[in-house]
Amino acid sequence: DAGAQAFAPRVRQLVGSLPDGSAWIVHEEVGATDEAAVHDAPGQLDLSKQALPANADHYVCGPRGFMAAQIAALRALGVPQERIHAEAFGTGGVAA
């Protein structure tokens with residue numbers, strides 16, 4: 001939910017400053033007080049439904065299970081490992 005989303009305004013600001021930058025924010029759980037402006041869609045992120053540029057770098061951050069699923073989805077879509085960057089929230093790490 002929006003309460004668990006770190007740095008949302010700053011992320012949107014930084015991505016908006018990139019010539020070809022884009023972000024897609026999905027909250028699996030949407031709270032009763034969440035505004036639609038804080039996320040692009042409710043539910044689970046499905047990368048197969050996104051238009052991913054072939055030459056893009058992909059940055060994934062979040063809990064380990066989420067990151068592992070998104071990294072696997074990117075790899076299944078043919079994204080080369082060197083274009084996948086990950087940072088775990090919490091202790092430990094996840095290999096791309």
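Remember, it's a predicted structure, so these values are computed and weren't measured experimentally.

Colleague: How would you explain the pattern of salt bridges if you had to name every residue and give the values?
Modeller: A complete count under the given rule lists one salt bridge for this structure. Among the ionic pairs, R83 bridges to D57, the shortest N-O distance being 3.4 Å. You can see R83 sitting in the loop between α2 (64-76) and β4 (84-88) and its partner D57 sitting in the loop between β2 (41-42) and β3 (58-62), a full 26 residues away along the chain. Of the residues examined, D57 reaches a relative accessible area of 38% and is grouped as partly exposed.

Colleague: I'd love a proper account of the side chain of Q70, names of residues and values included.
Modeller: Here Q70 is to be found in helix α2. Note on Q70: relative accessible area 8%, which makes it buried. If we skip the residues at most four places from it in the chain, Q70 touches L45, L47 and V60.

Colleague: So what about α2? Which residues, and what values?
Modeller: The end-to-end C-alpha distance of α2 is 18 Å, a good match for the 18 Å that 13 residues give at a rise of 1.5 Å each. Of all the positions in α2, only M67, Q70, I71 and L74 are classed as buried. Buried residues of α2 fall within an arc of 100° about the axis and therefore sit on the same side. More than 90 degrees from the buried face of α2, the exposed residues found are G65 and A76. Contacts made by the buried residues of α2 are with β3 and β4. G78 sits one or two positions beyond α2 and adopts a positive phi of about 90°.

Colleague: Please give an account of the side chain of H58 that cites residues and values.
Modeller: Topologically, H58 is positioned in strand β3. Taking the relative accessible area as the measure of exposure, H58 reaches 11% and is therefore buried.

Colleague: Would you mind going over the environment of G43 in detail, with residue names and values included?
Modeller: As for its position among the elements, G43 is in the loop between β2 and β3. Remark: the alpha-carbon pair of G43 and E28, spanning 15 residues in sequence, is separated by 4.2 Å. If near-sequence neighbours (up to four positions away) are discounted, G43 is found in contact with V26, H27 and E28.

Reading the values: the criteria
- Residues numbered from 1 in each chain as written.
- Predicted model: local features only at pLDDT ≥ 70, side-chain atom pairs only at ≥ 80, totals over all residues.
- Heavy atoms only, no water.
- Salt bridge = Lys/Arg side-chain N within 4 Å of Asp/Glu carboxyl O.
- Helix = DSSP H or I, 4+ residues; strand = E, 2+ residues; numbered from the N terminus.
- Buried < 20%, exposed > 50% of the residue type's maximum accessible area, 1.4 Å probe, protein only.
- Contact = heavy atoms within 4.5 Å.
- Expected span 1.5 Å × (residues − 1).
- Arc of directions from axis to C-beta.

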